[in-house]
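A closer look at the structure
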Amino acid sequence: MAYVAIADRDHEQHLHDPQSFVTKYIWSQDHKIIAIQYSLTAISVGLVALVLSLSMRLQLGFPDTFSFITPGEYYQAITMHGMIMVIYLLTALLLGGFGNYLIPLMCGARDMVFPYMNMLSYWVYLLSVFVLLSSFFISGGPTGAGWTLYPPQSVMPGTPGVGGGIVLMLISLVLFIVAFTMGGLNYVTTVLQARCRGMTMMRMPLAVWGIFTATVLGLLAFPALLVSGIMLLLDALAGTSFFAPAMLSMGEESRHAGGSPILFQHLFWFFGHPEVYIVALPAFGVISDLVAVHARKNIFGYRMMVWAILSIGVISFVVWAHHMYVSGMNPYFGFFFATTTLIIAIPTALKVYNWVLTLWRGNIHLTVPMLFVIGFIFTFINGGITGLFLGNVAVDMPLSDSYFIVGHFHMVMGVSPILVIFGSIYHWYPKMTGRMLDDRLGRIHFWCTLFGTYAIYLPMHYLGILGLPRRYYALGDTSFIPDSAQAMNAGISIAALFVALSQMIFLFNLAWSRKHGKPAGGNPWNATTLEWQTPQTPPVHGNWGKDLPVVYRWAYDYSVPGAAQDFIPQTMAPEDVPRDVGSTYDGREGAHA
Amino acid sequence: MKVLQRLLAKPWEHAGEMEGIHGGNVAGRPPGRTGLYVFLGVVTSLFLLFSISHQMRSTYPDWTSIAEPGILWFNTGILLLASISLQLASNAALSGSPRPVRNELLAASVFSVLFLGGQVYAWKLMLDAGLYAAGNPANAYFYMFTAVHAAHLLGGLWFLFKALGTAYAEPHDTALPGRIGLCATYWHFLLLVWALLFYLLLSS
Ligand code: HEM
Ligand SMILES: [Cu+2]
């Protein structure tokens, strides 16, 4: 028997419709509900991280005015802020949230291939969040080791949270990895095996390519965090010495001997650098789709974009030691990693060119999502260029552990993905709820966020060049730092408060538009991809009604010459394409730049 | 190289062309098997990283080689038997004979549990000999490797027991041969992993 594609089979196995409120919205196996659960949880825990960053900023901006945060608490705030932002917000939101929502809809599947495991993935993620947050309530509080958790200080007395805090952090990370793996197996297998008829890999929207590749990266890289986490946990609890060397701590010999802190750094960054791309690739993919829809143009260089995503994925596994230039490594080793780091910039820059070339002579609609797209491209170029500086050993040495680093990584993996996330929420909210987000509030939110974040992070580069060190509670009377640095720090803190407040506009918009937004209809942006062609909006359980969609074309048939409309949905057969009067267009060839 | 060919396709041409264009399932196998292969990729990454850390750490001067308990050889044999029984069960399931399926599944379960018991016993021997985890990194790797490997086997046992239950309750369930096949693949894989870990333990 010829193999029947999964997508072509009847899906009665996951189509017994959920009956009660609990099975429909809480204990749900529907990818759309799970996506929303993931997203809301990630945003909520992200707000905790935002509050933590404000408490740090108040201390840094007005060191003598506020005394509610002690040096120990400052370290705890830094650590929890960084870890939550990178893992529990961005990774969870982009893959657990966007991945869950978009993959089945964009591929034309009824759901993920393993819905039960998908549901478990969310609940284990939620558990990991609770375990993480519970460390605020134990004696000693959360760990203050920095989000990199470097031993030996993460397991040595003197660091805040060395008893329970670090243990809860590691347990929470282990749980997160388990949750991510269950989700990731779903995303990869669904993309590989549950696409509808006609949806070849190369007809997939770039958002799916980005999420798919990022998931593969995550599946291969998170094990490195798991390995380092397990070994660190044993060092902390069982007294082993995988990482912890012999130390004199407060006049006492530690119980450890012989461990290798550098081993930890290698393992951590073997995960840590791909992690940057686990966040960035979904953002790249999503941006490519937003830019095409809102500029009414096919994406420039689709194949090149796919290849770039794949090659970035591969190269991202051989650049990790650029985070360790100051660890005393062999200069040739550093040279190797500087070279790979500059090489990975090539496909990355290519993507930027292609976004700009897509905009070039496009019919740019300055919708709210488009504003965020442009903000992202701008910001990513900014952060990318400072990355080229830091990739070179000689330039990185003096800048390492300074505020230049903080400015760089916030631009490239703080602000950039956050802009993408906002843009995508404005773009897909109408599909998720059936209503548009308020346009005017969206514009206010965009400009406040863009200018506000630049007011925070651009000056940080200058502070770094002045020599301001990262992860310091207060600078005191450090002689080489001029007083003006303090004034700048105060300004940054005010900008941070402003940015945080302006996010309330967004949250208000989310809540208000749910009931009062303009009705959106099924396809408010006139987009081609499958999620906009569902019979109902928001899509119901099973997504497609009785018959699965059939795909006839790629995802980017915008402004095709001869076609009467400026978009041709992927589900439209050539003979059905309405054409201009007198045109000989046969509905087959796209308009490829 | 079908993959390369696919990546060279020009999707903007020939809209409407459906000839030779199927839906998903490029691989032509059930999703459960693809899911398992992806998972084996994850586990491979995990154990490779563990192994590399072991190779690096064992070059440090404080490393003291230990003589691993001899029972590990016995355990390895038992795990091999478990793997073989599962393969036989899988073959029997494909040819549709419920009785040997049940027997081989039962044998595989017993061997697997026996293996775990043997590993626990090896721990006891280590502890009795005063070789504690905190004492030396070589000891620590012994406990960690055996524990992480056992955890993976325990996860597999959950599915094996479920298949065993089905083999008794509904021997003609059409999904059963597929599930047993997945278990067999996973067991072979864990056998290989164990061989690697055992080799690393012995060689250092
Ligand atoms: C309004 C938004 C934000 C503000 C005001 C802010 C502020 C800060 C501050 C003050 C620090 C400590 C710097 C130091 O003393 O060394 C920090 C660290 C950090 N932030 Fe943010 N941040 C924001 C958003 C984000 C986002 C979205 C991310 C996601 C990637 C992020 C990731 C990190 C990381 C990884 C660290 C390093 C933590 C460590 O050193 O262990 N932040 N942030
Ligand atoms: Cu990096």
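What you are looking at is a predicted structure, and each value in this text was computed from that prediction instead of being measured.

So, about the site of ligand 1. Residues and elements named next belong to chain A. Surveying the vicinity of ligand 1 reveals 23 residues, the closest of which are Y74, H81, W147, H410 and R471. In this structure, an oxygen atom belonging to ligand 1 sits 2.7 Å away from a side-chain N or O atom of Y74. One of the side-chain N or O atoms of Y403 is found 3.1 Å from an oxygen atom in ligand 1. Listing elements by their share of the shell around ligand 1, those giving two or more residues are α2 (31-61), α3 (71-107) and α12 (403-433). Per-element accounting of the shell around ligand 1 gives the leading share, seven residues, to α3. By residue class, the composition of the shell around ligand 1 is 14 nonpolar, six polar and three charged.

Time to look at the coordination of the iron atom of ligand 1. Residues and elements named next belong to chain A. Looking at the iron atom of ligand 1, the protein donor atoms are H81 (NE2) and H410 (NE2), and they sit 2.0 Å from it. Coordination at the iron atom of ligand 1 is octahedral, judged from the six donor atoms that bind it and the angles of 84 to 179 degrees they form at the metal. Of this pair, H81 sits in helix α3 while H410 sits in helix α12; the two residues are 329 residues apart in sequence, bridging distant segments of the chain. Like H410, H81 is buried.

All names here are of chain A. The copper ion (ligand 2) binds to the protein through H273 (ND1), H322 (NE2) and H323 (NE2), with metal-donor distances spanning 1.7 to 2.0 Å. As a motif over one chain, the donors of the copper ion (ligand 2) read H-x48-H-H. Overall, H322 belongs to the buried group, its relative accessible area being 14%.

All names here are of chain A. The biggest cluster of nonpolar side chains holds 244 residues, and the ones touching the most others in it are Y88, Y125, L149, W209 and W355. In terms of residue count, α3 provides more of this core than any other element does, 23 residues in total. Excluding residues within four positions of it along the chain, Y88 makes contact with A42, V45, M83, Y125, S128, V129, L132, S172, L173 and F176.

The subject of this paragraph is the interface of chain A and chain B. With 60 residues of chain A in contact, the opposing surface of chain B contributes 45 residues. Of the roughly 4,300 Å² buried between chain A and chain B, counting both surfaces, carbon and sulfur atoms make up 71%. Here chain A and chain B share zero salt bridges between them. Applying the counting criterion to the chain A and chain B interface returns 10 residue pairs in polar contact (both at pLDDT 80 or more). If you list the elements that add at least two residues to the side of chain A that touches chain B, you get α5 (164-193), α6 (206-237), α7 (261-295) and α8 (302-315) of chain A.

What follows covers a nonpolar patch on the surface. Residues and elements named next belong to chain A. On the surface, L342, I381, I385, L388, F389 and V395 cluster together to form a nonpolar patch covering roughly 460 Å² of accessible area. With four residues, helix α10 (residues 368-391) is the largest single contributor of residues to the nonpolar patch. Residue position: L388 is located in helix α10.

Per the counting criterion, the structure on display carries seven salt bridges over all chains. Across the salt bridge formed by D30 of chain A and K32 of chain A, the nearest N and O atoms sit 3.2 Å from each other. For the pair formed by D30 of chain A and K32 of chain A, the shared burial category is buried. In this structure, D62 of chain B and R57 of chain B form a salt bridge, with 3.0 Å as the shortest nitrogen-oxygen distance. Judged by its relative accessible area of 23%, D62 of chain B falls in the partly exposed class.

The rules behind the values
- Throughout this description, residue numbers start from 1 for each chain and increase along the sequence as written.
- Following the order in which they are written, the chains are lettered starting with A and the ligands numbered starting with 1.
- Two thresholds apply to this predicted model, a pLDDT of at least 70 for residue-level local features and 80 or more for giving and counting side-chain atom pairs, whereas whole-chain, interface and lining totals are computed over all residues.
- The side-chain values count all of the structure's non-hydrogen atoms but skip hydrogen atoms and water molecules.
- Nearness here has a simple test: a residue counts as near a molecule or strand if at least one of its heavy atoms is within 4 Å of that partner.
- Distance and chemistry together define a polar contact, namely a pair of N or O atoms within 3.5 Å, with one atom able to donate a hydrogen and the other to accept it when in protein, and with adjacent residues in sequence counting only for side-chain atoms on both sides.
- Put simply, DSSP marks the helices as runs of H or I at least four residues long and the strands as runs of E at least two long, and each gets a number from the N terminus on.
- Residues are grouped as follows: Ala, Val, Leu, Ile, Met, Phe, Trp, Tyr, Cys and Pro are nonpolar; Asp, Glu, Lys and Arg are charged; all remaining types, including Gly, are polar.
- Here the term donor refers to an N, O or S atom within 2.8 Å of the metal (or 3.2 Å for Na, K and Ca), and because water is left out of the atoms, sites may appear incomplete.
- In these descriptions, tetrahedral denotes four donors with every angle between 85 and 135 degrees, square planar four donors and octahedral six donors with opposite donors over 155 degrees apart and the rest between 65 and 115, and irregular any other case.
- Here's how the labels work: a residue is buried when its accessible area is under 20% of the maximum for its type, exposed when over 50%, partly exposed in between, all with a 1.4 Å probe on protein chains only.
- To qualify as a nonpolar core, a set must consist of buried Ala, Val, Leu, Ile, Met, Phe, Trp, Tyr and Cys residues joined through side-chain atoms within 4.5 Å.
- Residues count as neighbours in contact if any of their non-hydrogen atoms are within 4.5 Å of one another.
- Defined here as a combined quantity, buried area equals the accessible surface (1.4 Å probe) lost by two parts on assembly, summed across both.
- Basic side-chain nitrogens of Lys or Arg form a salt bridge, by our definition, when they fall within 4 Å of a carboxyl oxygen of Asp or Glu.
- Each patch is built from residues lacking any salt bridge and having more than 30% relative accessible area; the joining distance is 9 Å for like charges and 5 Å for nonpolar side chains (Val, Leu, Ile, Met, Phe, Trp, Tyr).
- In these tables, accessible area is a Shrake-Rupley quantity obtained with a 1.4 Å probe, and a residue counts as shielded only by the protein chains included in the view.

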